[in-house]
Amino acid sequence: MSRIKGLLNIVLYFVVQFLVVIVISKASIKLDGIMIQILASGLTLLVIGLLNRKYITIKIVDGLKEKGNIIKYSLYGFIIMLFVPLVLMIFQTLLGVESQTAENQNLVLNLIKNSSKINVILAIVIIAPILEEFVFRVSILGFLTKDNKSNNYLWYILSALAFALIHDFTIITNFSIESTFTFLGYFCPALVLAFIYRYSNHNYLVVVLIHMLNNLLPVLSM
């Protein structure tokens, strides 16, 4: 049953958001990009949250029992996340690869510039991390592996691969060494989160907090 739920969560993540965008478009409702994102991701979070309410409650209660680990692993994870883009930048420079900004990153930066900070924080710093960590970490590494500490690293790669592809698809549509590094800019942090989730005893709160802090940085810099 758990694997079916895991797959269902992943399917719902795409289907609900797609349907919300279609309904808004067909109804000719005038909303800016950030409000559409809030509605689409917010409704998706609500649907997935209701479907998994007992499991989420258990994960939160169990996670709060390990407050020391929340602080420790969140700090470790956030520091590693800060160094990942620096390491990638060093390799890009050494290889003489031109820097390329992902389309998703450009979209996010435009949303931050043209929307109210409250809406941006709600969409990017709060809703997105809560939803994405449940879908790409809990559902893949929790439900699909039955919450065990599996040493089959294929699951961690799959989790990071899925996360990276929904943020940057250009490595498929326009493959190049530049697009590869852009893709790695999402894949490597996602892989870090996958391993942090494993070694923090599958603490959902830890990866959500790291993801929130990581998303908060570009918001504060604008």
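Refer to the structure above for everything that follows.
This text gives an overview of the structure that appears in the document. Every value quoted in this text rests on a predicted model; they were computed, and no experiment measured them.

For the protein chain, the helix and strand inventory stands at ten helices and zero strands. Computed over C-alpha atoms, the radius of gyration of the protein chain comes to 17 Å, within 12% of the 17 Å expected from 2.2 N^0.38 for 222 residues, which places it in the range of a compact globule. Each of the three principal axes of the protein chain carries a C-alpha extent, and together these read 50 × 45 × 30 Å. Per-residue burial over the protein chain gives 42% buried out of 222 residues. A separation of at least 24 residues holds for 78% of the contacts in the protein chain among residues at least 6 apart in sequence. Approximately 12,000 Å² of the protein chain is accessible, and the part contributed by carbon and sulfur atoms is 71%.

What follows concerns the packing of helix 1 (residues 2-26) against helix 2 (residues 33-51). Their axes nearest at 9 Å, the elements helix 1 and helix 2 cross at an angle of 145°. For the pair helix 1 and helix 2, the crossing hand works out as right-handed. Along its contact with helix 1, which presents Lys5, Leu8, Asn9, Leu12, Tyr13, Val16, Gln17, Val20, Val21 and Ile24, the element helix 2 presents Ile36, Leu39, Ala40, Ser41, Leu43, Thr44, Val47, Ile48 and Leu51. Residue composition of the contact of helix 1 with helix 2, grouped by class: 14 nonpolar, four polar and one charged.

Our focus in this paragraph is unusual backbone geometry. Residues other than glycine seldom take positive phi values, yet asparagine 201 does so here, at roughly 65°. When you line up the elements, asparagine 201 lands in the loop between helix 9 (177-199) and helix 10 (204-221). Phi at histidine 202 is positive, roughly 55°, even though this residue is not glycine. Within the fold, histidine 202 resides in the loop between helix 9 and helix 10. Histidine 202 gets classed as buried once you look at its relative accessible area, which sits at 6%.

Criteria and cut-off values
Residues numbered from 1 in each chain as written. Predicted model: local features only at pLDDT ≥ 70, side-chain atom pairs only at ≥ 80, totals over all residues. Heavy atoms only, no water. Helix = DSSP H or I, 4+ residues; strand = E, 2+ residues; numbered from the N terminus. Rg over C-alpha atoms; globule rule 2.2 N^0.38 Å. Buried < 20%, exposed > 50% of the residue type's maximum accessible area, 1.4 Å probe, protein only. Contact = heavy atoms within 4.5 Å. Areas by Shrake-Rupley, 256 points an atom, 1.4 Å probe, with all protein chains shown as cover. Axes fitted to C-alpha atoms, helices over the stretch in contact; angles between N-to-C directions. Left-handed = near helix turned anticlockwise from the far one by under 90°. Nonpolar A, V, L, I, M, F, W, Y, C, P; charged D, E, K, R; others polar.

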